[in-house]
Amino acid sequence: MVWAKDVMEVLYLGCHLSATGGNAAMVRTALDIGANTFAFFTRNPRGSKAKKEDPADCARAVDLLKKEKFGPLVAHGAYTMNLCTREPEARAFAREVLRDDLRRMAGLPENFYNFHPGSHVGQGTDAGIAQIVDALRQAMDPGYPVTVLLETMAGKGSEIGGSFRELKDIIDGVGREDLGVCLDTCHVYDAGYDIVHNLDGVLQEFDAIIGLERLKALHLNDSKNPFSSHKDRHACIGQGSLGLDTFAAIINHPLLRDKPMILETPNELPGYAREIALLRSLVCP
Ligand code: FE
Ligand code: FE
Ligand code: ZN
């Protein structure tokens, strides 16, 4: 199906892609599945190993992204990177990983780097936030051409970022313009923000606490669990407790429709292509 040009350009939709074949290959894969943005892990998501840098591949990707009018990409930090873990040595390693990720993002300038703020593992929320702030200040200090995004979390265990207030405290502590938020629909619903019945109310609350100018990207995921369950299990679009109407409201919302939206649903590429087409079919002219 060929989409009207304005629909493609207004709605930046994509999914997580494998970075193993390089950056330019990811852009081509995205084009194949009807995407005009995408996410990728900067290193092994469950480890810490990163690929060798390839400036020529980055340059090819940058050219293609521009030519095909992609929206901003939303890179994702490793799940294992916990900036407020208890052991000082492990924490120092996580900080080094963050610094290296931000430095590497300079190869694909003017995109987003999103990560999970961290789990304080019993140190307490305030101590955890202080450690995250400290790590961000240090890693962002060189001013790389990347906007860093804190992901809204489900509030599972000792996870930080399950409330807008915690994210705001991190943002205030860091005190930079190039720090924003990526709103994950499954996570906020699991955290107790009712985007199914009161999307406008949740956005108003986001605006009052954080400021909507900080909202830079979305993760579109349905949820396998009920409202406020603090669980974080993603479902395919329309097949969970959020439902298709919620996603129609989100992608057509005047405050949201210009942001890059990334699917992190349990799919392989053909499933992602179908979900992207499904979402594009819901766009109101
Ligand atoms: Fe995430
Ligand atoms: Fe997410
Ligand atoms: Zn999740």
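The text that follows walks through the structure, step by step, so that each part is easy to find.

Rules and cut-offs
- Residues numbered from 1 in each chain as written.
- Chains lettered and ligands numbered in written order.
- Predicted model: local features only at pLDDT ≥ 70, side-chain atom pairs only at ≥ 80, totals over all residues.
- Heavy atoms only, no water.
- Pairing = 2+ DSSP bridges.
- Helix = DSSP H or I, 4+ residues; strand = E, 2+ residues; numbered from the N terminus.
- Axes fitted to C-alpha atoms, helices over the stretch in contact; angles between N-to-C directions.
- Donors = N, O, S within 2.8 Å, 3.2 Å for Na, K, Ca; no water.
- Tetrahedral: all angles 85-135°; square planar, octahedral: opposite > 155°, others 65-115°.
- Core = buried A, V, L, I, M, F, W, Y, C linked by side-chain atoms within 4.5 Å.
- Buried < 20%, exposed > 50% of the residue type's maximum accessible area, 1.4 Å probe, protein only.
- Contact = heavy atoms within 4.5 Å.
- Phe/Tyr/Trp six-rings, centres within 6.5 Å; stacked < 30°, edge-to-face > 60°.
- Polar contact = N/O pair within 3.5 Å; in protein donor to acceptor, adjacent residues only side chain to side chain.
- Right-handed = clockwise from strand over helix to strand, strands pointing away.
- Salt bridge = Lys/Arg side-chain N within 4 Å of Asp/Glu carboxyl O.

Before going further, it helps to spend a moment on the sheet that holds strand 5 (residues 146–151). The sheet built from seven strands is open, its strands ordered 1-11-8-7-5-3-2 with parallel pairing. Taken across any chain shown, the strands that pair with only one partner, and hence form the sheet edges, are strand 1 (12–15) and strand 2 (74–76). Direction aside, the axes of adjacent strands within the sheet are offset by 30° on average. Of the pairings in the sheet, the one linking strand 2 to strand 3 (residues 111–115) comprises three bridges and is parallel in character.

This next bit is on the coordination of the zinc ion (ligand 3). For a metal with four tetrahedral donors the ideal donor-metal-donor angle is 109.5 degrees, while six octahedral donors give ideal angles of 90 or 180 degrees. Within the first shell, the zinc ion (ligand 3) binds the protein through His187 (NE2), Asp232 (OD) and His234 (NE2), at distances of 1.9 to 2.2 Å. When the donors of the zinc ion (ligand 3) are listed by position in the chain, the intervening gaps give H-x44-D-x1-H. Distance-wise, the iron ion (ligand 1) is placed 5.3 Å from the zinc ion (ligand 3).

Another point: the coordination of the iron ion (ligand 2). Distances from the iron ion (ligand 2) to its protein donors, namely Glu151 (OE), Asp184 (OD), His219 (ND1) and Glu264 (OE), fall within the range 2.0 to 2.2 Å. Metal-centred angles of 80 to 171° between the four donor atoms at the iron ion (ligand 2) mark the site as irregular. Taken in sequence order, the residues that donate to the iron ion (ligand 2) follow the motif E-x32-D-x34-H-x44-E. A spacing of 3.2 Å is found between the iron ion (ligand 2) and the iron ion (ligand 1), which share glutamate 151 as a donor.

With that settled, consider the nonpolar core. Counting 77 residues, the largest nonpolar core has Phe38, Phe40, Tyr113, Leu136, Ile170 and Leu220 as its most contacted members. Per element, the largest residue contribution to this core is seven residues, and it comes from helix 5 (residues 125–140). Not counting chain neighbours up to four residues away, the residues in contact with leucine 136 comprise Leu98, Phe115, Val148, Leu150, Ile170, Val174 and Leu179. Counting residues in hydrophobic clusters, the runner-up holds seven residues, among them Ala39, Cys182, Ala217 and Ile262.

Attention now goes to unusual backbone geometry. Comment: phi is negative for the bulk of residues other than glycine, and the bulk of peptide bonds are trans. Located in the positive-phi region is valine 121, a residue other than glycine, with phi close to 40°. By the element assignment, valine 121 lies in the loop between strand 4 (118–119) and helix 5. By relative accessible area, valine 121 is classed as partly exposed at 36%. In this structure, histidine 230 takes a positive phi of about 55° despite not being glycine. Its place among the elements puts histidine 230 in the loop between strand 9 (222–223) and strand 10 (234–235).

Overall, the coordinates contain seven aromatic pairs when judged by the stated rule. Taking the centre distance of 6.1 Å and the plane angle of 50° together, the rings of phenylalanine 38 and phenylalanine 40 count as tilted. Take phenylalanine 38 and phenylalanine 40: they sit in the same class, and that class is buried. Plain terms: the ring middles of phenylalanine 164 and tyrosine 193 are 4.0 Å apart, the flat faces sit at 15° to each other, and that makes the pair stacked. You can see phenylalanine 164 sitting in helix 6 (residues 164–174) and its partner tyrosine 193 sitting in the loop between helix 7 (185–191) and helix 8 (199–209), a full 29 residues away along the chain.

Every buried residue belonging to helix 6 is among Phe164, Glu166, Leu167, Lys168, Ile170, Ile171 and Val174, and all of these are buried. The secondary structure elements touched by the buried residues of helix 6 are helix 5, strand 5, strand 6 (159–160), strand 7 (179–184), helix 7 and helix 8. Glycine 175 occupies a position one or two residues after helix 6 and carries a positive phi of about 65°.

Structurally, glutamine 131 is set in helix 5. Given a relative accessible area of 14%, glutamine 131 falls into the buried group. When sequence neighbours within four positions are dropped, the list of residues in contact with glutamine 131 reads Leu83, Cys84, Thr85, Arg91, Arg95 and Gln123.

Before going further, it helps to spend a moment on the side chain of histidine 16. Tracing the sequence through the fold places histidine 16 in the loop between strand 1 and helix 2 (23–32). A polar atom in the side chain of histidine 16 sits 3.0 Å from the side chain of glutamate 264. Apart from residues no more than four positions distant in its own chain, histidine 16 is found in contact with Ala39, Phe40, Phe41, His76, Ile262, Leu263, Glu264 and Tyr272.

Before going further, it helps to examine the pairing of strand 3. As a general feature of sheets, a regular strand has side chains that alternate between the two faces. Counting buried positions along strand 3 gives five out of five residues, so the element sits mostly inside the fold. The parallel pair strand 2 and strand 3 is bridged by helix 4 (residues 88–104), and the resulting crossover is right-handed. Here five bridges tie strand 3 to strand 5, and the two strands are oriented parallel to one another. When the bridges of strand 5 are listed, tyrosine 113 appears paired with valine 148.

This part takes up the pattern of salt bridges. Pairing is possible between side chains that carry opposite charge, provided their charged atoms lie close to one another. Summed over all chains, the structure comprises 13 salt bridges. The partner of aspartate 100 in a salt bridge is arginine 43, and the shortest N-O contact between them spans 2.9 Å. Remark: arginine 43 occurs in the loop between helix 2 and helix 3 (55–67) and aspartate 100 occurs in helix 4; sequence separation between them is 57 residues. Note on arginine 43: relative accessible area 8%, which makes it buried. For the salt bridge of arginine 103 with aspartate 100, the shortest nitrogen-to-oxygen distance reads 2.6 Å. With arginine 103 and aspartate 100 both in helix 4 and three residues apart, this pair spans about one turn of that helix. For arginine 103, a relative accessible area of 35% gives the class partly exposed.

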